[in-house]
Amino acid sequence: ALPFAVSLYGSTMTHVSLSTNGFAGFFTSDAGTISANANNAVTVPSATVPNGYLAPFWDDLVLTGAGLRRQLTGAAGAQVLTYEWSASIFNVAGATVVVQLQIREGGPIEYHYCSAVGDAARTGGSGATIAAENETGTVGRAAGINAQIVTPGSSALRWIIP
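Residues numbered from 1 in each chain as written. Predicted model: local features only at pLDDT ≥ 70, side-chain atom pairs only at ≥ 80, totals over all residues. Heavy atoms only, no water.

**So, the nonpolar core**
1) Next: Phe 26, Leu 54, Leu 101, Ile 103 and Tyr 111 are the most contacted members of the largest nonpolar core, which totals 31 residues.
2) Next: Secondary structure elements with two or more residues in this core: strand 1 (6-8), strand 4 (24-27), strand 5 (53-58), strand 7 (80-89), strand 8 (96-104), strand 9 (109-117) and strand 10 (129-133).
3) Next: Here this core gets five residues from one element, more than from any other, and that element is strand 7.
4) Next: Those residues in contact with Tyr 111 that lie beyond four places of it in its chain are Leu 54, Ala 55, Pro 56, Gln 100, Leu 101, Ile 130, Ala 131, Ala 132, Ser 155, Ala 156, Leu 157 and Trp 159.
5) Next: The next biggest cluster of nonpolar side chains, apart from the first, holds seven residues, and it includes Phe 23, Ala 41, Val 44 and Tyr 53. (Core = buried A, V, L, I, M, F, W, Y, C linked by side-chain atoms within 4.5 Å. Buried < 20%, exposed > 50% of the residue type's maximum accessible area, 1.4 Å probe, protein only. Helix = DSSP H or I, 4+ residues; strand = E, 2+ residues; numbered from the N terminus. Contact = heavy atoms within 4.5 Å.)

**Remarks on the sheet that holds strand 5**
1) Next: Strand order in the open sheet formed by five strands is 3-4-5-10-11, and the pairing between neighbours is antiparallel. Each edge of the open sheet is held by one strand with a lone partner, namely strand 3 (15-18) and strand 11 (140-145). Averaged over neighbouring strand pairs, the angle between their axes works out to 10° when direction is ignored.
2) Next: The sheet contact formed by strand 10 and strand 11 spans five bridges and is antiparallel. Bridging from a neighbouring strand, Ala 132 pairs with Arg 141 of strand 11. (Pairing = 2+ DSSP bridges. Axes fitted to C-alpha atoms, helices over the stretch in contact; angles between N-to-C directions.)

**Notes on the pairing of strand 9**
1) Next: Inspection of the sheet shows strand 8 paired to strand 9 by eight bridges, in the antiparallel sense. Paired with Thr 96 across the bridge in strand 9 is Val 117.
2) Next: Where strand 8 folds back on strand 9, the antiparallel hairpin that results is connected by four residues, among which Gly 106 adopts a positive phi of roughly 70°.
3) Next: Summarising the sheet, strand 9 and strand 12 (residues 155-159) pair through five bridges and their orientation is antiparallel. Directly across from Tyr 111, in strand 12, lies its bridge partner Leu 157.

**Examining the packing of aromatic side chains**
1) Next: The final tally for this structure, using the stated rule, is four aromatic pairs.
2) Next: When the ring of Phe 23 is compared with that of Trp 58, the centres are 4.6 Å apart and the planes differ by 45°; the resulting orientation is tilted. Of this pair, Phe 23 sits in the loop between strand 3 and strand 4 while Trp 58 sits in strand 5, placing them 35 residues apart in sequence.
3) Next: Overall, the relative accessible area of 0% leaves Phe 23 in the buried class.
4) Next: Between Tyr 53 and Trp 58, the aromatic rings sit 5.3 Å apart at their centres with planes inclined by 75°, giving edge-to-face as the arrangement.
5) Next: Judged by relative accessible area, Tyr 53 falls into the buried class, the value being 1%.
6) Next: The class of Trp 58 is buried, set by a relative accessible area of 2%.
7) Next: Cluster of aromatic residues (ring-pair linked, three or more members): Phe 23, Tyr 53 and Trp 58. (Phe/Tyr/Trp six-rings, centres within 6.5 Å; stacked < 30°, edge-to-face > 60°.)

None of the figures reported here should be taken as evidence of function without further support.
Structure representation (structure tokens):
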């Protein structure tokens, strides 16, 4: 269960499930199940599962070091829920990333690209989907699909999702 409701393209989401592959699935009840799909989306939106997601760095990832962490900060009404992935990119020697999804209560959603080591193209997103999509896969937006669009250590994306 989420500590506060999250609006995702007009739906009120109350539950989240995290994929080790750099995305979070959101659900209107505790009956939702996250997709284990390591293959990132090639189009957004798409009715193909997963749907109802926020993807700061959806790629075939292998958790390392701190793995997957969660932190809730702030007082009620102004809380920030942060999920952080520390991972290597599967089959890309020496390529590691630390990426965050920050959800602000009643406010924008941010993707933060904290650090990376190794292959600059891959750690910059050349094999990843960076996107958001509604629960039915009919509305969504991609900042990048298999495109090097971020610079870890100096990039962040702010999403205003209706």
